[in-house]
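# Structural overview for review
What follows is each chain in one-letter form.
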Amino acid sequence: QVQLVESGGGLVQAGGSLRLSCAASGSRFTIYIVSWYRQAPGKQRELVAQIASGGTINYADAVKGRFSASRDNAKKSVYLQMNSLKPEDTAVYYCNLRNALNNYWGQGTQVTVSS
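What you see is a predicted model; the values in this text were computed from it and never measured. (Residues numbered from 1 in each chain as written. Predicted model: local features only at pLDDT ≥ 70, side-chain atom pairs only at ≥ 80, totals over all residues. Heavy atoms only, no water.)

## So, the pairing of strand β1 (residues 4-7)
Put simply, the rule reads: Throughout this description, buried means an accessible area under 20% of the type-specific maximum (1.4 Å probe, protein chains only), exposed means over 50%, and partly exposed covers the range between. Secondary structure elements are taken from DSSP: a helix is a run of H or I of four residues or more, a strand is a run of E of two residues or more, and numbering for both begins at the N terminus. We treat two strands as partners when DSSP finds at least two bridges between them.
Side chains L4 and E6 project from β1 onto a buried face, and the interleaved V5 and S7 project onto a face without burial. Of the strand pairs in this sheet, β1 and strand β3 (residues 18-24) are connected by 4 bridges, and their pairing is antiparallel. Bridge pairing in β3 places E6 opposite C22.

## Looking at the sheet that holds β3
Operational definition: Lines fitted to C-alpha atoms define the axes, with helix axes restricted to the stretch in contact, and inter-axis angles between N-to-C directions lie between 0 and 180 degrees.
Strands sit in the order β1-β3-β8-β7 across an open sheet of 4 strands; the sheet is antiparallel. In this open sheet, the two edge strands, each paired with only one partner strand, are β1 and β7 (67-72). Put simply, the sheet's adjacent strands are angled 15 degrees from each other on average, direction ignored. Direction of pairing for β3 relative to strand β8 (residues 77-82): antiparallel, over a ladder of 6 bridges. Note that in β8 the partner of S21 across the bridge is Y79.

Structure below.
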């Protein structure tokens, strides 16, 4: 069983930056694909960034060039550096770990960007 705890959300003005962190418990962190998702009010949850176990990173078009995802396998942690934030980035951000057998979600952290 894996538990995920996100942190780092908050209120920021447009153009500002935030860094989200996600700490995982349990073992075998390296075998998972790790991702960041977000869900804005009234909208479906959407993928923001995904890091494969081999290190390949993919980003949603809406955040390319502004967000940077990373993982630290030794610390069993995932990070999302968010720069040049826009009001449309306002959402609850979720950390996700998955493989062929399991799919784990964190509780989410709120990010609010004011204009």
